[in-house]
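Report on the structure
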Amino acid sequence: MQPLSNIESLLYFSPEILLVIFATAVILLDLVVKDSESVAVAYLSLVGLICVFAAVLITHFSLRNPVSLFLGMIRLDEFSTFFKILLLLATAATVLFSLRSEELDARLKGEYYALLLAITLGMFLMASSTNLLMIFISLETVSLTSYILAGFLTHSPRSSEAAFKYITYGAVASGTMLFGLSFLFGMAGSGDLGQISMRLTELLASGEVAPLAVLIAITFVLAGVGYKIASVPFHMWSPDVYEGAPIPITAFLSVASKSAGFALFIRFFYAGFGNTELMQAVDWPFMLAIVSALTMTVGNLAALPQQNVKRLLAYSSIAHGGYLLMGGVLLTSEGIGAILFYLVVYLFMNLGAFYVVVLIANEVGSEMVEGYRGLSSRAPLVAWAMVIFLVSLAGIPPFAGFFGKWLLFAAVIEQGYYWLAFVGLLNSVVSLYYYARIVKAMFFEDADEETTDFSFSTGTFALLSVFVIPTIFIGFLNIFYTFSNISVSVMPMQ
Amino acid sequence: MLLSLMIFVPLLGMVVVLLLPRESEELVKRVTLLFTLIPLVLAVALFISYNRSTAGTQYVVSIPWIQAFNIQYHIGIDGLSVTLLLLTALLGPICVIASWRNIEKGIKAYMALFLLLETGMLGFFAALDLFLFYVFFELTLLPMYFLIGVWGGPRREYAAIKFFLYTLFGSVLMLVAMIAVYLNSGEPGLRTFDIPTLITLASTEGHALNNLNFQIWVFLGFFIGFAVKVPIFPFHTWLPDAHVEAPTAISVILAGILLKMGTYGLVRVNMAMFPQGLDHFTNGIGFWGNSLALLGFINIVYGSFCALAQTDFKKLVAYSSIGHMGFVILGLAARNSEGITGAILQMFNHGVISAMLFLLVGVLYDRAHHREINGFGGLGSKMPVYTGITTLAFMASLGLPGLSGFVGEALSLLGAYDKFKLLTILSTIGIVVGAAYFLWTLQRVFLGNLNPKYEALPEINGREILTLVPLGILTIVLGVWPNFAIDMFRESVTNLIDVLNAI
């Protein structure tokens, strides 16, 4: 199917357009309402997200086949729809967390929600870009917005420090990536991933381009993508940023930003470098395997001594980036299916864990492990929910995290990367240790002084169960396994 | 259906217990007891109605579960699993009764976790799909971690996390092996986790699974997973810690059932599925050919000598468990009819006897609040009934003919002597040392002068006797009439040996 022209594309671009409209509406509404009524802004953003969700579904079902929009700049297929839904869920959860979080300054909430919608727009584009230029623009949209959001606690020096570090690392990563992109453009003479794939195959076959040049270009691009998914060695920003940013934003960055990063990563490598000749000429899968092994090991080992739960979860999410990268090694459809499945699982369990952190931070005013002491008697349901999230993150059956990891390991072993599976599994054992420290504090230790039981509202428990129930049951449902397969089957392989 | 009901009744019980109010502790205990008695009734029904004249699996249920990977909910029983299911179902209510008085806090959570644990154990012994088998295997980890960590002794946190990490380490190796078996079981789309199918494929000429090198590696993967559980030296160090810290009932489950999960897995997966791998480690030629028997021997001798050195009553019993599980390994390594029969019988007997021993240690601990063997003395005159039951358990455990412990050990040694003469002869040291530490303990605790501190020590009460009597009867019955149990799995063992000899 030919790419649609700019005008024709607009119809299929309605979710993104709606996001822009609602982001603007949120700012306007914020000018009108009083500070005390700033919840209205949050609700408007939620309404916006629901409308966008409807638009995503409508555009999806009105199309039989995947199409390229805007003369091949972005692509609308099941893969991008999958990620859009995932991102909408993460954003909606973040809005709900922010509503309940007591960290945020009420005066600034208008901008805050508008920025959340803007960053979602950027992520939508990341999930659907098929052109180098568009890839860079979407990545920058997301990055710039996240710098502001990370520094949103204006009264906290930690938050400002986080934002500053984020910008510094981000600028270097983007620059490096842009350099890599220019290499690719220079070699292939086109920005379109499909074209690049074809041209590079020809050029490599005829010997006009050295494999090393392509490998260097890919490595540079990986700097930008690796920075988004916080893979070693581009992970250094994430613990500080995660610790300093408001908790809802930390949750958002660790789930949505990572998912969007993986969407971009998969599309870039699968569409651009997924054909066999290219993979034989340029051994990038091996490089990815090393990066994956290092990422999970560094993440897990660094998480071991952490006392701050937010920071601990930050390192844990680095480690999870490493697990996810395993599925990207060799980019088989099983591997990508595993990544998609794991991202769904990860969304629920990680957001759930962060929600508990929000709740405890509100009650105790601390994010340290000590703050969790005696939680099993003070708020048993919350404590058990946290156990389920943590155990699922550690990948222990019968929770969804296990099924996700199982798919990833199976994909890796199928390709003969036994050593990588081995590293991954040993990492799971290590990770259990630091997750268990939180469990230990909650269940095996008593609270310091005689404190009252926490009382949470019904709404809190309802939101908590939104995360708990999928974490328990996703693995048992057939539909999720097929869902991942469909998304993969329509990937643009040219 | 009967089998599924049995597995999931405790899970239902967990949900019911969780819905009960936290204050009504008596009600929680009664409901839990009810939900552990139902599996027992069902297990007895299975035990009676099980067709002893065939080796085939019975009560089979097979429902597709995760179709994308051909994973099934496939359960069924053969002679081996029905025996262990009965043991599990029997220890369930006994442990609930044993926890009746000495669990002080959070009884509701305790009982709920206990019921979850029971579902995991029952499901594990009935699973016939490798994936399901693994899920049930891991399902026991989490409740056990909490049961030790929350309700355990002073060093409970250390013991709980050590247990968790060791077992998880073993099971991730198992997971790699499991995935490797799955991926080699056929072309994409035709792959399977079905244990009976895999057993057939592994002996099909020219199949990828029927390859010595492959079988050796996956054998090792599964073996380490199960070896941690058994525990086999050098993966055993979690066991004494876990036992010493765990509350009585949990020690009973740990020794009675969880250790059997390891040896059951060895029979169900390692032996039946990888006969060539097994042959490599048990053919009696060179170091590797003797390695499994050697591990059994080390377990027996090492466990017994460690037990001899203990002054903590519970630690002594824990180390004696390591020694007694060594006989199971030795019997399995022999892989002849006597050896395997002896090993399976020993699994069941050890489950019964070690459960008794831990219950008895618990009875004493509840009264004296310590377990230092040298701190007692002369209790025989104060607690004659308790002394009598303890003597019975000790005699059964040290292998006195006429009691159940003897039969299993004798058969294991008999089978092993056929192949590993030197190791078997040396293993009998373990029996001598076993007699030594049990008799010595008997002397230190029950004979001699009564420690004046314990003038007022109350005799064992009715509730405690109730937990011990069924187990005591079983040790005597199985001692004089072992065929009662052997009949159950005779055909299954014959079938297994046919598979092993077919390579």
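Residues numbered from 1 in each chain as written. Chains lettered and ligands numbered in written order. Predicted model: local features only at pLDDT ≥ 70, side-chain atom pairs only at ≥ 80, totals over all residues.

1. Here's the deal with the overall build of chain A
Note the following rule: The secondary structure listing takes helices from DSSP runs of H or I that are at least 4 residues long and strands from runs of E that are at least 2 residues long, numbered from the N terminus. Throughout, the radius of gyration refers to the C-alpha atoms, and the reference size of a globule is 2.2 Å times the residue count to the power 0.38. Partly exposed residues are those falling between the two cut-offs: more than 12 but fewer than 20 other C-beta atoms within 10 Å of their own, whereas 20 or more means buried and 12 or fewer means exposed, with C-beta atoms placed from the backbone.
A count of helical and extended segments in chain A gives 21 helices and two strands. In terms of C-alpha radius of gyration, chain A reaches 22 Å, essentially the compact-globule figure of 23 Å for 494 residues. Residue burial in chain A is summarised as follows: out of 494 residues, 60% are buried.

2. Describing the overall build of chain B
Selection criterion: Our contact criterion uses C-beta atoms placed from the backbone: two residues qualify when those atoms are within 7 Å.
A count of helical and extended segments in chain B gives 21 helices and two strands. Dimensions of chain B, computed from C-alpha atoms along their principal axes, come out at roughly 75 × 55 × 40 Å. Considering chain B as a whole, with its 503 residues, one finds that 60% of them fall into the buried category. For chain B, long-range pairs separated by at least 24 residues make up 79% of all intrachain contacts whose partners lie at least 6 apart in sequence.

3. Points about the pairing of strand β1 (residues 58-66) of chain B
All names here are of chain B. The condition is simple: DSSP-based pairing: two strands are paired if at least 2 bridges between them are found.
Here β1 pairs with strand β2 (residues 71-77) via six bridges, running antiparallel. Within β2, the residue paired with Gln-58 across the bridge is Ile-77. In textbook terms, the turn of a hairpin is the stretch between consecutive antiparallel strands, and for β1 and β2 this stretch comprises four residues, one of which, Asn-70, has a positive phi near 55°.

4. Overview of the interface of chain A and chain B
For interface size, the figure often reported is the accessible area lost on association. Let me state the cut-off plainly: Polar here means any residue outside two lists: the nonpolar Ala, Val, Leu, Ile, Met, Phe, Trp, Tyr, Cys and Pro, and the charged Asp, Glu, Lys and Arg; Gly therefore counts as polar.
On the chain B side, the residues contacting the 22 residues of chain A number 24 residues. Mapped onto the side of chain A that touches chain B, the elements with two or more residues apiece are α18 (400-414), α19 (418-443) and α21 (478-489) of chain A. Taken together, the residues of the side of chain A that touches chain B sort by class into 17 nonpolar, three polar and two charged.

5. As for the packing of helix α15 (residues 337-368) of chain B against helix α20 (residues 462-480) of chain B
Residues and elements named next belong to chain B. Our working definition: Lines fitted to the C-alpha atoms define the axes, with helices restricted to the stretch that makes contact. Angles between their N-to-C directions range from 0 to 180 degrees. Orientation categories follow fixed angle ranges, with anything under 35 degrees roughly parallel, anything over 145 roughly antiparallel, 65 to 115 roughly perpendicular, and all other angles oblique. Crossing handedness follows the turn of the near helix against the far one: under a right angle anticlockwise gives a left-handed crossing, and clockwise gives a right-handed one.
At a minimum axis separation of 10 Å, α15 and α20 run at an interaxial angle of 150°. On the basis of the axis angle, α15 is roughly antiparallel to α20. Handedness of the crossing formed by α15 with α20: left-handed. Side by side, α15 and α20 meet where Asn-349, Val-352, Ile-353, Ala-355, Met-356, Leu-359 and Val-363 of the first sit next to Glu-464, Thr-467, Leu-468, Leu-471, Gly-472, Leu-474, Thr-475 and Leu-478 of the second. For the contact of α15 with α20, the residue count by class is 10 nonpolar, four polar and one charged.

6. Let's talk about the nonpolar core
Considering soluble globular proteins, one finds that nonpolar side chains tend to be buried as a cluster. The condition that has to hold: For our purposes the nonpolar core covers buried Ala, Val, Leu, Ile, Met, Phe, Trp, Tyr and Cys residues that link as a set through C-beta atoms within 7 Å.
With 393 residues, the main nonpolar core has Met-386 and Leu-390 of chain A together with Leu-85 of chain B as its most contacted residues. Counting residues per element, this core draws most heavily on helix α15 (residues 333-364) of chain A, which supplies 23 residues. Setting aside residues up to four positions removed in sequence, Leu-85 of chain B forms contacts with Ala-43, Leu-46, Ile-77, Leu-122, Phe-125 and Ala-126 of chain B.

7. Digging into the environment of Leu-471 of chain B
All names here are of chain B. Secondary-structure assignment places Leu-471 in helix α20. The spacing of Leu-471 and Met-356 is 115 residues in sequence and 6.6 Å in space, taken between C-alpha atoms. Beyond its immediate sequence surroundings of up to four residues, Leu-471 is in contact with Val-352, Ala-355 and Met-356.

8. Section: helix α20 (residues 458-473) of chain A
Residues and elements named next belong to chain A. The line we're drawing: For a helix, the expected span equals 1.5 Å multiplied by the residue count minus one. Fitting one axis to the seven residues ending at a residue and another to the seven starting there, the bend at that residue is the angle between the two axes.
With 16 residues, α20 should cover 22 Å at 1.5 Å per step; its first-to-last C-alpha distance of 22 Å lies within 8% of that length. Where α20 bends most, the angle comes to about 25°, and this point is Ser-465. Where α20 is buried, its residues touch α4 (78-100), α15, α17 (380-394) and α18.

9. Topic: the packing of helix α14 (residues 313-334) of chain B against helix α19 (residues 421-446) of chain B
The geometry of a pair of packed helices is captured by two quantities: the angle between their axes and the separation between those axes. Residue and element names in this part refer to chain B. Direction vectors running N to C along α14 and α19 enclose 155°, while the axes themselves pass 11 Å from each other. Considering the angle they form, α14 stands roughly antiparallel to α19. For the element pair α14 and α19, the recorded crossing hand is left-handed. The residues of α19 that touch α14, namely those facing Leu-316, Ser-320, Gly-323, Gly-326 and Leu-330, are Ser-427, Gly-430, Gly-434, Tyr-437 and Thr-441. Here the residues of the contact of α14 with α19 are counted per class, giving three nonpolar, seven polar and no charged.

10. Topic: helix α6 (residues 132-150) of chain A
Structurally, the α-helix is built with 3.6 residues per turn, so residues lying three or four positions apart point the same way. Residue and element names in this part refer to chain A. For α6, spanning 19 residues, the distance from its first C-alpha to its last is 27 Å, which sits close to the expected 27 Å at 1.5 Å a residue. Along α6, the positions that sit buried rather than exposed are Leu-132, Met-134, Ile-135, Ser-138, Leu-139, Val-142, Ser-143, Thr-145, Ser-146, Leu-149 and Ala-150. If you follow the buried residues of α6, they end up packed against β2 (74-76), α5 (109-128), α7 (157-188), α9 (211-229), α10 (237-244) and α11 (247-273).

11. A few points about the confidence of the model for chain B
Regions with low pLDDT should not have their predicted coordinates read in detail. Heads up, the rule is: The predictor reports its confidence for every residue as pLDDT, a score running from 0 up to 100.
With 100% of its residues at a pLDDT of at least 70, chain B reaches an overall mean of 88. Under the prediction, the complex receives an ipTM of 0.86, its pTM being 0.90.

12. Looking at the environment of Asn-70 of chain B
Residue and element names in this part refer to chain B. Structurally, Asn-70 is set in the loop between β1 and β2. Separated by 61 residues in sequence, Asn-70 and Phe-131 place their C-alpha atoms 9.9 Å apart. When sequence neighbours within four positions are dropped, the list of residues in contact with Asn-70 reads Arg-191, Thr-192 and Phe-193.

13. Some remarks on the environment of Trp-237 of chain A
Residues and elements named next belong to chain A. Considering the arrangement of structural elements, one finds Trp-237 in helix α10. With 76 residues separating them along the chain, Trp-237 and Glu-161 place their C-alpha atoms 11 Å apart. Those residues in contact with Trp-237 that sit more than four places away from it in its chain are Lys-165, Tyr-166 and Tyr-169.

14. Structural notes on unusual backbone geometry
A cis amide bond, omega 5°, links Pro-397 of chain A with the succeeding residue Pro-398 of chain A. Tracing the chain through its elements places Pro-398 of chain A in the loop between α17 and α18. For the bond running from Phe-233 of chain B to Pro-234 of chain B, omega is 0°, close enough to zero to count as cis. Take Pro-234 of chain B: it is sitting in the loop between α9 (212-229) and α10 (238-245). For Leu-71 of chain A, which is not glycine, the phi dihedral falls at a positive 55°. You can see Leu-71 of chain A is positioned in the loop between β1 (67-69) and β2. Under the C-beta neighbour-count criterion, Leu-71 of chain A is labelled partly exposed, with 14 such atoms within 10 Å.

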